[in-house]
Amino acid sequence: ILNVEQSPQSLHVQEGDSTNFTCSFPSSNFYALHWYRWETAKSPEALFVMTLNGDEKKKGRISATLNTKEGYSYLYIKGSQPEDSATYLCALNSGNTPLVFGKGTRLSVIA
Amino acid sequence: DVKVTQSSRYLVKRTGEKVFLECVQDMDHENMFWYRQDPGLGLRLIYFSYDVKMKEKGDIPEGYSVSREKKERFSLILESASTNQTSMYLCASRGGGWGDLRGANVLTFGAGSRLTVL
């Protein structure tokens, strides 16, 4: 079973702070790296899918980068807001097999 | 605008009962998945299907079975529920063609079914 690691497991930030967290994965047989946001009482929703080394994606205040050679992706949130509170999941697509998820980073933004 | 619907949001069952969790998607996706989510363990794949009547075991299939009689519907079955199957169950679907799980197609998830087995 592939191992996808996310860190930190949880963090608390003040409203307005910027934050980032990490997803690490085996770099062999890489096809795509997904980020999902899972808010309480809602369905997980896709944020980004990245396929190329050096990819950078942005959606509003949230952005992500990808380094497939060293096997990591960063998710950045600029100026965190309470509505950013959620669990952020990354998932690796390493071939014609289902996505393998990390355990997630639980973000709490304190107003 | 609901695309993946799970039949029950909350269920409470007794040990030994047979439990059906239903999932329906309206996006004409070939690939469908069942995950469970437990604190500290993340999302773990139970079973998936890439076509009608096709099924593949995921990482934790023990104690579960699935049924896919129609393209839009993927059912998870607990033949004899046990307390260690108390969990949040998530259904998801994904496009991209028959059995093609590579590439950039994202998963669309249902809202989840929280099962408690007493």
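Relevant structure appears above.
Here the structure is a predicted model, which is why all the values come from computation and not from measurement.

Engineer: I tried to follow the overall build of chain A on my own but got confused; where do I start?
Structural biologist: Scanning chain A from N- to C-terminus turns up zero helices and 11 strands. In sequence order, the secondary structure elements of chain A are arranged as β-β-β-β-β-β-β-β-β-β-β. Counting only C-alpha atoms and orienting by the principal axes, one finds that chain A spans roughly 40 × 25 × 20 Å. By residue count, 50% of the 111 residues in chain A fall in the buried class. A sequence separation of at least 24 residues applies to 53% of the contacts in chain A between residues at least 6 apart.

Engineer: Honestly, the interface of chain A and chain B in this entry has me stumped. Any pointers?
Structural biologist: Quoted interface sizes are often the accessible area lost when the parts come together. Taken residue by residue, the interface counts 23 residues in chain A and 26 residues in chain B. Taking both partners together, chain A and chain B bury about 1800 Å²; carbon and sulfur atoms supply 64% of that area. Together, A:Trp38, A:Asn96 and A:Pro98 form the three largest contributors to the area buried by chain A at its contact with chain B, with a combined 27%. Taken together, the connections running from chain A to chain B amount to zero salt bridges. In this assembly, chain A and chain B are joined by five residue pairs in polar contact (both at pLDDT 80 or more). Contributing elements (two or more residues each) for the side of chain A that touches chain B: strand E4 (32-38), strand E5 (45-50) and strand E9 (86-93) of chain A. Among the elements that take part in the side of chain A that touches chain B, E4(A) stands out by supplying four residues, more than any other.

Engineer: I'm lost on the pattern of salt bridges in this one. Help?
Structural biologist: Should the charged atoms of two oppositely charged side chains come close, the side chains can pair. Applying the stated criterion across every chain, the model contains nine salt bridges over all chains. A salt bridge links A:Asp84 to A:Arg61, with the nearest nitrogen and oxygen atoms 2.8 Å apart. Highlighted residues: A:Asp84 in the loop between strand E8 (72-77) and E9 and A:Arg61 in the loop between strand E6 (56-59) and strand E7 (62-67), separated in sequence by 23 residues. On the basis of relative accessibility, which here comes to 33%, the residue A:Arg61 falls in the partly exposed class. Here the salt bridges do not stand alone but share partners, grouping B:Asp28, B:Glu30 and B:Lys71 into one network.

Cut-offs and rules
Residues numbered from 1 in each chain as written. Chains lettered and ligands numbered in written order. Predicted model: local features only at pLDDT ≥ 70, side-chain atom pairs only at ≥ 80, totals over all residues. Heavy atoms only, no water. Helix = DSSP H or I, 4+ residues; strand = E, 2+ residues; numbered from the N terminus. Buried < 20%, exposed > 50% of the residue type's maximum accessible area, 1.4 Å probe, protein only. Contact = heavy atoms within 4.5 Å. Buried area = accessible area lost by both parts, 1.4 Å probe. Salt bridge = Lys/Arg side-chain N within 4 Å of Asp/Glu carboxyl O. Polar contact = N/O pair within 3.5 Å; in protein donor to acceptor, adjacent residues only side chain to side chain.

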